[in-house]
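Summary of the model geometry
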Amino acid sequence: FNRCLSLVLAIILCFSCGLTLSAQAADIQPITMFTNNELASIESCQRILEYFKISTNSNSRSNTINVLRSNYGGSFIDEEGYLNINLTNNTVGMQSELTAVADNDSLVFHTVAYTFQDLKEVYDYLCENMIALKIQEVCISETKNKVQVFVDDINKATNDLKNIIDLELIEFNLAYQS
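Cut-offs applied
- Residues numbered from 1 in each chain as written.
- Predicted model: local features only at pLDDT ≥ 70, side-chain atom pairs only at ≥ 80, totals over all residues.
- Heavy atoms only, no water.
- Helix = DSSP H or I, 4+ residues; strand = E, 2+ residues; numbered from the N terminus.
- Buried < 20%, exposed > 50% of the residue type's maximum accessible area, 1.4 Å probe, protein only.
- Contact = heavy atoms within 4.5 Å.
- Pairing = 2+ DSSP bridges.
- Axes fitted to C-alpha atoms, helices over the stretch in contact; angles between N-to-C directions.
- Core = buried A, V, L, I, M, F, W, Y, C linked by side-chain atoms within 4.5 Å.
- Expected span 1.5 Å × (residues − 1).
- Arc of directions from axis to C-beta.

1. Description of the side chain of Asn71
For Asn71, the location among the structural elements is in helix H3 (residues 62-71). According to the relative accessible area criterion, Asn71 is buried, its value standing at 10%. Leaving out residues up to four positions away in the same chain, Asn71 has contacts with Asn86, Leu87, Thr88, Asn89, Met94 and Thr115.

2. Quick look at the sheet that holds strand E3 (residues 108-111)
Spatially, E1-E2-E3 is the arrangement adopted by the 3 strands of the open sheet, whose pairing is mixed. The sheet is open, and its two borders are formed by strand E1 (72-77) and E3, each paired with just one other strand. Across the sheet, the axes of successive neighbouring strands diverge by a mean angle of 20°, strand direction being ignored. Across 4 bridges, strand E2 (residues 83-87) lies against E3 in parallel orientation.

3. Side note on helix H4 (residues 92-102)
When H4 is considered as a whole, its buried residues turn out to be Met94, Glu97, Leu98, Thr99, Val101 and Ala102. In the stretch just after H4, Asp103 is the one whose phi turns positive, near 55°.

4. Details of the nonpolar core
Counting residues in hydrophobic clusters, the biggest one holds 16 residues, and the most contacted among them are Val122, Leu126, Ile135, Val147, Val149, Leu161 and Ile170. Excluding residues within four positions of it along the chain, Val149 makes contact with Leu126, Ile135, Glu137, Val138, Ile170, Glu171, Phe172 and Asn173. If you look at the next biggest cluster of nonpolar residues, it comprises 15 residues, including Ile48, Tyr72, Leu98 and Val101.

5. Some points on the side chain of Ser75
Mapping Ser75 onto the fold places it in strand E1. When its relative accessible area of 11% is taken as the criterion, Ser75 is described as buried. When near neighbours in sequence (up to four residues on either side) are disregarded, Ser75 contacts Cys45, Leu83, Asn84, Ile85 and Glu142.

6. A short note on helix H5 (residues 116-128)
In this model, H5 (13 residues) spans 18 Å end to end at C-alpha, consistent with the 18 Å of a helix rising 1.5 Å per residue. Every buried residue belonging to H5 is among Leu119, Val122 and Leu126, and all of these are buried. Buried residues in H5, looked at end-on, bunch into an arc of 70°, giving them a common side. Taken together, the buried residues of H5 touch helix H6 (130-133), strand E4 (135-141), strand E5 (146-151), helix H7 (154-161) and strand E6 (170-174).

7. A look at the sheet that holds E6
Taken in spatial order, the 3 strands of this open sheet run E4-E5-E6, and their pairing is mixed. The open sheet has two edge strands, E4 and E6, and neither has a second partner. Each strand of the sheet is rotated relative to its neighbour by a mean of 20°, with strand direction disregarded. Of the pairings in the sheet, the one linking E5 to E6 comprises 5 bridges and is parallel in character. Across the sheet, Val151 pairs through a bridge with Leu174, a residue of E6. Sitting on the sheet, H5 is in contact with E4, E5 and E6, with an inclination near 170° to E4.

8. Details of unusual backbone geometry
Phi is positive for Asp103, which is not a glycine, with a value near 55°. Structurally, Asp103 can be placed in the loop between H4 and E3. For Lys134, which is not a glycine, the phi torsion comes out positive at approximately 55°. Within the secondary structure layout, Lys134 lies in the loop between H6 and E4. The exposure class of Lys134 is exposed, given its relative accessible area of 54%.

Below, the structure is given as structure tokens:
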């Protein structure tokens, strides 16, 4: 048994070494998960979010930071790997401030209707009441600047929520049927 096991392990080792040498000889590069644009966008987004977080505890520049935070509508990385920033009041000053914080001249800015805080408040309410409202799934779509709600009956959900939440913040979808 030990001889068989040793033989099998030796064959596996030779095979794997052969694959490694073949890949090196063919100059095959390892697969990276992110493009350069995506990596830069991820780092920029982290800088912006950190800026908002650190600034909460600091009095310096608090007015500028509060204005930015109160106009921030979320962000997302597009299919080309660029960081897109949503602002409810999309001014050149805000763009300049966020570009400097992000240390990235390739940011794409959009004017949106709702702040991320607006979306988060609706999301939190819906999450707390999922069972009562018969919601299957709820998520924030920063790309669409909406809260996406998945239900079995869109008309019923609309009627149940119309006097509670501004329905303009919500995009209703049929729940996935299994």
